[in-house]
Amino acid sequence: MSNYVDEVIELVIKQNPGEPEFHQAVKEVLNSLRPVIDANEEKFRRDALLERIVNPERQIKFRVPWVDDKGQVQVNSGYRIQFNSSIGPYKGGIRLHPSVNFSIIKFLGFEQVFKNSLTGLPIGGGKGGSDFDPKGKSDREVMAFCQSFMTELCKHIGADTDVPAGDIGTGAREIGYMFGQYKRIRNLYEGVLTGKGLSYGGSLARTEATGYGLLYIVEELLKCKGDSLVGKTAVVSGAGNVAIYAIEKAQQLGAKVVTCSDSTGWVYDPDGIDVAALKEIKEVKRARLTEYKNYRPNSEYHEGRGVWTIKCDIALPCATQNELNLDDAKALVANGTKVVAEGANMPTTLEATEYLQSQGVTFLPGKASNAGGVATSALEMSQNSERLSWSFAEVDAKLKDIMVNLFHNIDNAAKKYGFEGNYVVGANIAGFEKVVDAMTAQGIV
Ligand code: NDP
């Protein structure tokens with residue numbers, strides 16, 4: 001086994017001090033790529049391929065001054081990492097959260113390169129954000145921040161350059177304010193952001209895309225094993241965008257979903273979650289899950305965590321990072337769970353993932369299984385470019401095709417390198433190979 005991977009990991013740590021999340025992401029990806037890197041070492045070393053792939057093409061940090069409702073000037077930091085444009089314009093969300101720094105944005109940007117590659121669509125990888133916290137701010141304050149943020153960001157993005165989207169803290173309201181300011185300054189009505197409202201260039205089915213895509217890939221996985229979702233019991237965590245539409249599609253495809261959760265508690269409904277009730281509680285009333293019992297007297301509400309203790313065939317973590325740990329994995333295995341597919345980004349800890357795989361549980365990593373969201377954002381870009389809007393059915397059919405192809409792509413990549421059924425390795429290799437191919441074709445840039 002060559003030392004190339006270890007040398008590059010060491011270099012990343014040296015060149016990016018104090019960025020643990022970024023180090024971690026590089027280690028996880030490069031370690032799982034060892035089979036393909038070892039097989040191509042001479043060529044990759046000559047082209048400094050790994051040194052280039054771990055270095056963002058461009059990283060921008062800027063001041064974001066804005067005035068709060070008391071007349072006080074506030075100053076936040078804005079970030080955009082344009083990581084890799086070998087297969088298309090940079091694409092990746094804008095995260096607005098107090099924890100945002102270069103390490104977080106770089107880790108997310110690095111992962112995004114491979115996720116976007118896996119969709120099969122022409123999108124490169126990027127990520128951005130700010131340490132601004134929209135929670136508790138007035139609409140006017142959020143608008144003031146978004147306008148100031150975009151006043152600088154607009155110099156670096158464009159429909160053919162870099163197309164940001166929403167992420168934690170950046171929803172329809174923030175995207176609207178940012179789009180308005182971009183248009184005003186650049187005098188360009190173009191698809192520079194995705195996740196837009198339907199009245200100004202958004203795509204039908206984008207709201208449903210991540211949850212639906214998750215179930216389309218699980219369905220294909222089961223189909224290849226001669227099985228299906230019909231009659232299966234599933235547990236879901238979360239009660240946000242990804243969770244709601246994952247539950248909806250799972251039930252449409254014949255499974256019974258018996259749990260959901262939010263940051264304070266979780267629901268067990270032995271008769272299957274009532275999606276209409278869940279949507280009303282979360283999307284309309286923006287209330288807590290304690291309300292669910294009013295709609296379904298047979299259900300149970302519990303404070304704290306507990307979703308993973310319920311017996312199920314399929315587990316779908318759709319809430320947040322590191323929400324499924326080793327103890328949870330042990331509980332799932334003891335209950336006979338056969339498939340864990342990530343709807344959220346990095347919800348399963350590394351130890352839990354390794355344990356599940358060692359016990360024969362089929363594990364689909366978020367990089368592959370939640371890629372339906374960014375894929376549908378790329379479809380929004382296509383619609384904007386041709387100045388047309390596709391029907392819900394058209395977008396949904398394309399999303400399904402993308403997820404089915406993505407599954408076979410990662411399955412074949414895993415088999416090709418002797419890791420059949422290991423979709424973590426398969427996803428990293430399949431994403432990486434396309435990026436390497438494009439980078440090699442474009443010369444030393
Ligand atoms: P939302 O904010 O809509 O929903 C998140 C849900 O998770 C909420 O129900 C929230 O509860 C719950 N939650 C948050 N933190 C915790 C916690 N510590 N413990 C238990 N529950 C928690 O986000 P999304 O559904 O959009 O995103 C969920 C995940 O999916 C994130 O990891 C995101 O990065 C990822 N993702 C999302 C995509 C998308 O298109 N939306 C695309 C790809 C990935 P509460 O309401 O109480 O805070």
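Relevant structure appears above.
Residues numbered from 1 in each chain as written. Predicted model: local features only at pLDDT ≥ 70, side-chain atom pairs only at ≥ 80, totals over all residues. Heavy atoms only, no water.

Participant: Which residues make up the overall build of the chain, and what values do they have?
Facilitator: A tally of helices and strands in the chain yields 18 helices and 13 strands. Counting only C-alpha atoms and orienting by the principal axes, one finds that the chain spans roughly 60 × 55 × 45 Å. Residues counted as buried form 55% of the 445 residues belonging to the chain. Expressed as a percentage of contacts within the chain between residues at least 6 apart in sequence, the contacts between residues at least 24 apart total 71%. Put simply, the chain shows about 18,300 Å² of open surface, and 49% of that area lies on carbon and sulfur atoms. Within the chain, one finds 50 positive and 55 negative side-chain charges whose respective centroids are separated by 3 Å. (Helix = DSSP H or I, 4+ residues; strand = E, 2+ residues; numbered from the N terminus. Buried < 20%, exposed > 50% of the residue type's maximum accessible area, 1.4 Å probe, protein only. Contact = heavy atoms within 4.5 Å. Areas by Shrake-Rupley, 256 points an atom, 1.4 Å probe, with all protein chains shown as cover. Lys, Arg positive; Asp, Glu negative; His and termini not counted. Charge placed at Lys NZ, Arg CZ, Asp CG, Glu CD.)

Participant: An account of the site of the ligand is requested, with residue identities and associated values reported.
Facilitator: Around the ligand, the surrounding shell holds 18 residues, and the nearest of these are Thr210, Ala239, Val242, Ser263 and Arg288. One of the side-chain nitrogen or oxygen atoms of Arg288 is found 2.7 Å away from an oxygen atom of the ligand. Contact with the protein chains removes 67% of the 890 Å² of surface that the ligand exposes when unbound. Going through the elements one at a time, helix H9 (206-224) and helix H10 (241-252) are the ones with two or more residues in the shell around the ligand. Partitioned by chemical class, the residues of the shell around the ligand number five nonpolar, ten polar and three charged. (Near = heavy atom within 4 Å. Polar contact = N/O pair within 3.5 Å; in protein donor to acceptor, adjacent residues only side chain to side chain. Nonpolar A, V, L, I, M, F, W, Y, C, P; charged D, E, K, R; others polar.)

Participant: Go over unusual backbone geometry with me, naming the residues and quoting the values.
Facilitator: Residue Asn187 is not a glycine yet carries a positive backbone phi of 55°. Considering the arrangement of structural elements, one finds Asn187 in the loop between helix H8 (172-186) and H9. Take Asn187: its relative accessible area is 69%, and that puts it in the exposed class.

Participant: Residues and numbers for the pairing of strand S3 (residues 90-96), please.
Facilitator: Moving residue by residue along a regular strand, the side chains alternate between the two faces of the sheet. A large share of S3 lies buried, amounting to seven of its seven residues. In the sheet, S3 pairs with strand S4 (residues 124-130) via five bridges, with the strands oriented parallel. Bridge pairing in S4 places Lys91 opposite Gly125. The handedness of the S3 to S4 crossover, carried by helix H6 (residues 102-118), is right-handed. Note: S3 against strand S5 (residues 162-165), four bridges, orientation parallel. Along S5, the bridge assignment pairs Gly93 with Ala165. (Pairing = 2+ DSSP bridges. Right-handed = clockwise from strand over helix to strand, strands pointing away.)

Participant: Can you lay out the packing of helix H16 (residues 372-385) against helix H17 (residues 392-416) for me, pointing to particular residues and giving the numbers?
Facilitator: Orientation of H16 relative to H17, taken along the N-to-C sense of each, is 130°, at an axis distance of 10 Å. If you check the angle between H16 and H17, you find them oblique. The way H16 lies across H17 gives a crossing that is right-handed. Residues Gly372, Ala375, Thr376, Leu379 and Gln383 of H16 form the contact with H17, whose participating residues are Val395, Lys398, Leu399, Ile402 and Met403. The residue makeup of the contact of H16 with H17, split by class, is six nonpolar, three polar and one charged. (Axes fitted to C-alpha atoms, helices over the stretch in contact; angles between N-to-C directions. Parallel < 35°, antiparallel > 145°, perpendicular 65-115°, else oblique. Left-handed = near helix turned anticlockwise from the far one by under 90°.)

Participant: With reference to specific residues and values, describe the sheet that holds strand S2 (residues 73-84).
Facilitator: A sheet is described by the order of its strands in space; here five strands give the open sequence S1-S2-S4-S3-S5, paired in mixed fashion. With partners counted over all chains shown, the strands left at the sheet margins are strand S1 (58-67) and S5, one partner each. Pairs of neighbouring strands in the sheet enclose a mean axial angle of 20°, with direction left out of account. Pairing geometry for S2 and S4, over six bridges, is antiparallel. Paired with Tyr79 across the strands is Gly129, a residue of S4.

Participant: Would you mind going over the nonpolar core in detail, with residue names and values included?
Facilitator: Grouped together as the largest cluster of nonpolar side chains are 86 residues, with contacts concentrated most on Leu30, Ile37, Phe110, Val218, Leu316, Ile410 and Phe432. Sequence-distant contacts of Leu316, that is, excluding residues within four places in its chain, are made with Leu214, Leu215, Val218, Val235, Val236, Ser237, Trp308 and Ala341. (Core = buried A, V, L, I, M, F, W, Y, C linked by side-chain atoms within 4.5 Å.)

Participant: Which residues make up the packing of aromatic side chains, and what values do they have?
Facilitator: Per the stated rule, a full pass over the model turns up 16 aromatic pairs. Arranged with centres 5.3 Å apart and planes meeting at 85°, the rings of Trp66 and Phe132 form a pair that is edge-to-face. One end of the pair, Trp66, is in strand S1; the other, Phe132, is in the loop between S4 and helix H7 (139-153), and 66 residues separate them in sequence. Among the residues examined, Trp66 registers a relative accessible area of 5% and is labelled buried. An aromatic cluster of three or more residues is present, and its members are Phe22, Phe44, Phe83, Phe110, Phe114 and Phe432. Its end group placed over the ring of Tyr355, Lys330 keeps NZ or CZ at 6.0 Å from the ring centre. (Phe/Tyr/Trp six-rings, centres within 6.5 Å; stacked < 30°, edge-to-face > 60°. Lys NZ or Arg CZ within 6 Å of the ring centre and 35° of its normal.)

Participant: So what about the sheet that holds strand S8 (residues 259-261)? Which residues, and what values?
Facilitator: Strands sit in the order S8-S9-S10 across an open sheet of three strands; the sheet is antiparallel. In this open sheet, the two edge strands, each paired with only one partner strand, are S8 and strand S10 (300-303). When the angles between neighbouring strand axes are averaged without regard to direction, this sheet yields 20°. In this structure, strand S9 (residues 265-268) lies alongside S10, joined through four bridges in antiparallel fashion. In the strand pairing of S10, Trp266 is matched with His302.

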